[in-house]
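Secondary and tertiary structure notes
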Amino acid sequence: MSVEINDRLKLRPSVAVVSNGDVTEFFLSDIRKTIVLRMQEEVAQLLFGLDGNKSIADFLEVNGLSGQTDEVLPLLDFLNENCVLLKMDQDYGKDYNRYPRVYSLLENYSQSQGQVNERIKKVQGARVMIIGLGSVGTWVAQSLLMSGVKHFLLVDADRVELSNLHRQCGLTEASIGELKTEAFTKRLLEMDSEVQTESIVDWLNEGFFERHEIGHVDLIINCADKPTVDETSYIVGKYAMPHGIPHIVGGGYNLHQSLVGQVVIPGKTACLECFRMNLDDLNEIDTSNIRKLENKNRRIGSFPPLSALSSAITANEAFKVLAGLDNLVMAGQRTEFLLRKLNFANVEMQRRHDCKWCGYEGEYYQLQRN
Amino acid sequence: MDKPNQRNNAIYEINPAIDVYAIGDDVLEFYFINNRRRVTLQVSPQVIELVANIDGKNGIDDLCKNLGIDDMDNVQVFVDYLVSQAILLLLAEQEKEKSMLAPKDIERYDRQIGYFTSLYTQSGYRAQLAIQEQTVLIFGNGAIGSGIAMQLAMSGVRHFILVDKDIVTCDSLERHFFFRETDIGRDKCEAMADCLKRIDDQVHCELHNMIIDYDTDVDSWIEQSTFVVNTLDEPYIGLTSMKIGRICYALRKPLYVAGGFDAHLMSTGELIVPDETPCVDCYTSYFQKALRNWNPQYNTPAVSELHQANDQFEVGGLASMSLFSISYAVIIILSYMVTGDAHYSQGRGELLFDQLHIDYLNVQKNPYCHVCGNQ
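What counts as what
Residues numbered from 1 in each chain as written. Chains lettered and ligands numbered in written order. Predicted model: local features only at pLDDT ≥ 70, side-chain atom pairs only at ≥ 80, totals over all residues. Contact = placed C-beta atoms within 7 Å. Helix = DSSP H or I, 4+ residues; strand = E, 2+ residues; numbered from the N terminus. Nonpolar A, V, L, I, M, F, W, Y, C, P; charged D, E, K, R; others polar. Pairing = 2+ DSSP bridges. Buried ≥ 20, exposed ≤ 12 C-beta atoms within 10 Å, placed from the backbone. Axes fitted to C-alpha atoms, helices over the stretch in contact; angles between N-to-C directions.

**With respect to the interface of chain B and chain A**
- On the chain A side, the residues contacting the 83 residues of chain B number 81 residues.
- If you tally residues by element for the side of chain B that touches chain A, the top one is helix H15 (residues 319-339) of chain B, at ten residues.
- Residues of the side of chain B that touches chain A, tallied by class, amount to 43 nonpolar, 24 polar and 16 charged.
- Relative to strand E2 (residues 18-23) of chain B, strand E14 (residues 290-293) of chain A runs antiparallel, the two being bridged by four bridges. Bridge pairing in E2(B) places Arg291(A) opposite Ala22(B).

**What to know about the environment of Leu361(B)**
Residues and elements named next belong to chain B.
- Tracing the backbone shows leucine 361 in the segment after strand E13 (355-360).
- Given 17 C-beta atoms within 10 Å, leucine 361 falls into the partly exposed group.
- In this structure the C-alpha to C-alpha distance between leucine 361 and phenylalanine 116, which are 245 residues apart in sequence, comes to 29 Å.
- Beyond its immediate stretch of four places on either side in the chain, leucine 361 contacts Gly347, Arg348 and Gly349.

**Some remarks on the sheet that holds strand E9 (residues 227-230) of chain B**
Residues and elements named next belong to chain B.
- Judged by pairing direction, the sheet is mixed, and its six strands sit side by side in the order E8-E7-E6-E9-E10-E11 without closing on themselves. On the outer flanks of this sheet lie strand E8 (204-208) and strand E11 (270-272), each paired with one strand and no other. This sheet shows a mean twist of 20° between the axes of neighbouring strands, independent of strand direction.
- Sheet topology places strand E6 (residues 135-139) next to E9; four bridges connect them, and they run parallel. Looking at E9, one finds that valine 136 is bridged to phenylalanine 227.
- The sheet contacts of helix H9 (residues 143-155) involve E6, strand E7 (159-163) and E9, and relative to E6 the element is tilted by about 165°.

The following block contains the structure:
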């Protein structure tokens, strides 16, 4: 049992408590998770006395329950385990003033304020590499900054054009002609002057990681789609796997605007090569009699809010990786937002023992075991 | 139907956002890259050659002559069908449509125009124009309202009426995509209008720094606008939507009731179009029934001082969660502006942080509704 008699507990104010007869429902309203217990309304009412200021011992005494400590403690422990009750072991620092909602969200996955502090520290200490400042990279970077990320390594070789402005956030008419990395760095600093960014003005292609000193990064998000996102992701994977760096394949790119790519935690979840092998199995069709006719006028469209929606999912996942949450939805999964159905079509992919990268005889198998 | 310009050696181009495949020697498949629609046709080998030669330069009669095709009536039927499916575009028509937009706007929205061209049977230029001609009234400049305004301005909306009473604070950082540290202390509406102006110098905003309560007269704002968005969650989104929704119904204005507010962080919100979709009161009576036995109690005395100023119960959330609700809303709003079709939308749904599937409530029109019902 992790709850002790001298701990101070708080019934978290975002938890809705609903009693009907002898059944009480605890509804974690932020994440819409419900815990239902057989519990009398009178007992549930007592929990409102857990204000975070007094110890469990005092709480029991006030309610005349000191004699029943052994019966009450396991209940409190269960509710703490399920994030209904929060242990007030530490205060929140001054950053609580700027990110109150981020702190509160993390309480849904933590047992104590100390643990929330730990997670915030991880997010703020992390250095995130974002490759490609296009219609996905800009939204992802800005979202992460707004949730507390303070260190970025930005990669893009392009300059801002008029035709970028309808789908790339943070860029303005005044920034046309500037390097994207410069214009976007200015935007990040406007939002948070404490942010530290470094930039690499180059294309992600073969030899990129030999040409540049990357330094320590906690997460790489690939939003580069030239020539294709498969090719760029492979280059990222080959660097990230032996270094044990989590990496995410962004979506929203050319041809697959509605796609959201997978999260790879090296050695734990299906890697890019597992995905490729699985997809090859799925797509094994005879293409010998198919001929692609040339569309002389071919020009792919872009629907800005669709890229932004894809970015939202990627940024959610990135935050989970950085904060150390275990509720990833894109590990071993890629998804597509179907505009016609207005819903996600998820494709799950298992890790493969025969994977050339992370399988038993794979190139990077031993590396991750050490 | 007499279409003289089509019969007279008209020039066509293949929709730029389509890939064309010949399968074997008698099947043509058109694949819409953006929405993945497929049109598959069984044709003769000659037709495959004809389609392969359409280049936006040579007239259809000339192409046929070169290929030795002489059944021009059937060619015309086939071509008309492809035009109706937005697979082929008539060049002369395209040039005419193109002239509706300023050259600078064509450059600026090039990719978006391409997207609309590929999706709808009308031209992308006309779709873009429809967006640029909107006046959007947005109630509430919070995480969702300001985000929707930004994305709409990015896509070409140039007239906004913004209503909000708040000022920018230091914790706006975690919620508002328009935030700048130097904006702290300013009226949200003004900071927002500046942000929209930086995106597009042609944006014009009418600002109302005020609280909306039961007596506030909002009719004239709604009358001026072509689309209304409500994100006011004080005192409660259902309540403000009821007031705004009834006026929108009377004035026949489309309304989007946004999601993403407290306790519904990644909800989709819903499009409300008079008589086409359930109205706000239909939603209200649905929730009254659904939540009949739901009497939640919150530990409000334990709310920290900081949160007391913002919300009542220490709401948690991330900017990226708001970004989902914002982007979803803008997908529906732009689609409606361009097509006028409300049936595409699905009504209220919800995405969870721990799960990637939107659950839709499937709220129906209430036949007994005292606003939109039959009686």
